[in-house]
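Survey of secondary and tertiary structure
Listed below are the residues making up each chain.
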Amino acid sequence: MFRGEVMTISFQDRVAIVTGAGGGLGRAYALELARRGARVVVNDLGGARDGTGHSDAAERVVAEIEQAGGTAMASGASVTDLPQVEEMAARARERWGAVHILINNAGILRDKSFAKMSMEDFRTVVDVHLIGSANCTKAVWETMREQAYGRILMTSSSTGLFGNFGQANYGAAKLGLAGLAKTLSLEGAKYDIRVNSLAPTAATRMTEDIFPAEMLAAFNPDNVVPAALFLVSEDAPTNAIVGAGGGVVQACYVTLTPGVALPEGGRTVEAVAENWSRITDRSGEIVPQSGAEQAMLILSKLQEQ
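This write-up is about the structure you can find in this document. Predicted model only: the values in this text are computed from it and were never measured. (Residues numbered from 1 in each chain as written. Predicted model: local features only at pLDDT ≥ 70, side-chain atom pairs only at ≥ 80, totals over all residues. Heavy atoms only, no water.)

A word on the environment of S113
With respect to the helices, strands and loops of the structure, S113 is situated in the loop between β4 (101–104) and α4 (119–147). In this structure the C-alpha to C-alpha distance between S113 and E285, which are 172 residues apart in sequence, comes to 34 Å. Those residues within four positions of S113 in sequence are excluded, and the remaining contacts are F165 and G166. (Helix = DSSP H or I, 4+ residues; strand = E, 2+ residues; numbered from the N terminus. Contact = heavy atoms within 4.5 Å.)

Structure, rendered in structure tokens:
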């Protein structure tokens, strides 16, 4: 790129579905996609942070987009209801002829320590985040295969990647989404369907009582938008896990150490304990591009004996 040249990433004539787009990050994604030319399905059930209640949040965002000259339609489909999200995807295809982009952003929180958490709250959070994202992805997957083009973004979290006290349900769902994205990136490659995960840090209703007041401005949702939209752009990577917040963009990797080959006759619990420091030595670790690479690395290690 020449000095002073501005790169322009356009979403002109692309059709995008953004779930949980009635506020916070989803709203910010929808507004910027529309500003860059996309026709946007603004999906939001309109519930509170714990998933209860309803509102007209999606309609308000659609009005914002249309007032700015963009094109959008609202959807109140629940991501946990497959027939509803299938109908949402069908409406987008009927009106605009395709679905090119899906941003799975809908989510709720029901935070408690695992000791105090009910299994109902565990299942509900996993259902919205993980099953809900799978439902929406399933609803557009065949369309993307047929048109040989698709960009899908899963919303993971630092809680899923690294853990966080009081969020066992949320963490389980969010790491599950990263695993789902990795597998779908392999299955979609033949059809130019690129699938990535984003772990955002933003001041939204989901985090308003977690961040101290002085941090809220720094973590404006608008600061996450550039990373999110790059990950659903035409030249997006695939199989990436990206962190974003406060204008900082990071890459996260799942790595595998070379490990230690325990000899025949010496494969004991005690041998693992004795070799633990060597097993966990990160020198020479790799970033596998599929699960098969673990078995390949094991076979390679055994051949060294």
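Additional details are given in the paragraphs that follow.
Considering the pattern of salt bridges
In the structure shown here, the tally under the stated rule is 12 salt bridges. The salt bridge involving R36 is made with E32; its shortest N-O contact spans 2.8 Å. A relative accessible area of 30% means that R36 is categorised as partly exposed. One salt bridge connects D121 with R110, and the closest N-O pair in it is separated by 3.0 Å. Highlighted residues: D121 in helix α4 and R110 in the loop between β4 and α4, separated in sequence by 11 residues. No difference in accessibility class separates D121 from R110, as the two residues are buried. Among the ionic contacts, a cluster of salt bridges with common partners joins E32, R35 and R36. (Salt bridge = Lys/Arg side-chain N within 4 Å of Asp/Glu carboxyl O. Buried < 20%, exposed > 50% of the residue type's maximum accessible area, 1.4 Å probe, protein only.)

Let's talk about the packing of helix α1 (residues 24–35) against helix α2 (residues 57–67)
A packed helix pair is summarised by two numbers, namely the angle formed by the two axes and the spacing between the axes. The geometry of α1 relative to α2 is characterised by a closest axis approach of 10 Å and an angle of 25° between their N-to-C directions. The angle between α1 and α2 places the two elements in the roughly parallel class. When the axes of α1 and α2 are compared, the crossing they make is right-handed. Touching R27, A30, L31 and A34 of α1 are V61, E64 and I65, all from α2. Looking at the contact of α1 with α2 residue by residue, the classes come out as five nonpolar, no polar and two charged. (Axes fitted to C-alpha atoms, helices over the stretch in contact; angles between N-to-C directions. Parallel < 35°, antiparallel > 145°, perpendicular 65-115°, else oblique. Left-handed = near helix turned anticlockwise from the far one by under 90°. Nonpolar A, V, L, I, M, F, W, Y, C, P; charged D, E, K, R; others polar.)

Topic: the pairing of strand β5 (residues 150–155)
Looking along a regular strand, one sees the side chains alternate between the two faces of the sheet. Within β5, six of the six residues are buried, leaving the element largely enclosed by the surrounding structure. Every second residue of β5 is oriented toward a common face, with G150, I152 and M154 on one face and R151, L153 and T155 on the other, all of them buried. Here β4 pairs with β5 via four bridges, running parallel. Bridged to I103 within β5 is L153. Note on the crossover from β4 through α4 to β5: the handedness is right-handed. Bridge analysis of β5 against strand β6 (residues 193–200) gives six bridges, and the strand direction is parallel. (Pairing = 2+ DSSP bridges. Right-handed = clockwise from strand over helix to strand, strands pointing away.)

Brief notes about the layout of surface pockets
Vacant regions in the atomic arrangement are exposed by a probe of water-molecule size rolled over the atoms. Within this model, the second largest pocket holds a volume of roughly 330 Å³. Taken together, 16 residues make up the lining of the second largest pocket; nearest its centre are T257, P258, G259, V260 and I298. Among the elements of the structure, α10 (276–279) and α11 (292–303) are those that each provide at least two residues to the lining of the second largest pocket. With five residues, the single largest contributor to the lining of the second largest pocket is α11. Each residue belonging to the lining of the second largest pocket can be placed in one class, and the counts come to 11 nonpolar, four polar and one charged. (1 Å grid on protein atoms, 1.4 Å probe; cavity = no way out; pocket = protein on both sides within 12 Å on 5 of 7 lines; lining within 4 Å. Points joined across faces, edges and corners; volume = space filled by probe spheres on them.)

Digging into the nonpolar core
The biggest cluster of nonpolar side chains holds 34 residues, and the ones touching the most others in it are Y29, L33, V40, V42, I103 and L198. Of all the secondary-structure elements, those providing two or more residues to this core are β1 (15–18), α1, β2 (39–43), α2, β3 (71–75), β4, α8 (225–230) and β7 (241–245). Those residues within four positions of L33 in sequence are excluded, and the remaining contacts are F11, A16, V18, A38, V40, I101, I103 and L229. Within the second largest apolar cluster, 32 residues are counted, among which are V41, V79, C136 and M154. (Core = buried A, V, L, I, M, F, W, Y, C linked by side-chain atoms within 4.5 Å.)

What about the sheet that holds β4?
Across a sheet, paired strands are connected by hydrogen bonds in the backbone, their directions being either parallel or antiparallel. Pairing in this open sheet of eight strands is mixed, and the strands run β3-β2-β1-β4-β5-β6-β7-β8 from one edge to the other. Each end of this open sheet is capped by a strand with a single partner; those strands are β3 and β8 (248–252). Within the sheet, the average angular offset between the axes of one strand and its neighbour, ignoring direction, is 20°. Against the sheet, α4 touches β1, β4, β5 and β6, its axis set at about 170° to β4. Taken strand by strand, helix α6 (residues 168–188) contacts β5, β6 and β7, and its axis lies near 160° from that of β6.

Topic: the packing of α4 against α6
Interaxial distance between α4 and α6 falls to 8 Å at its minimum, and their mutual angle equals 20°. Relative to α6, the element α4 is oriented roughly parallel. Two packed elements cross with a definite hand, and for α4 against α6 that hand is right-handed. Where α4 approaches α6, its residues D121, F122, V125, V126, H129, L130, S133, A134, T137 and W141 are matched on the opposing element by A168, N169, Y170, A172, A173, K174, G176, L177, L180, L184, E187 and G188. Of the residues belonging to the contact of α4 with α6, the class tally is 13 nonpolar, six polar and three charged.

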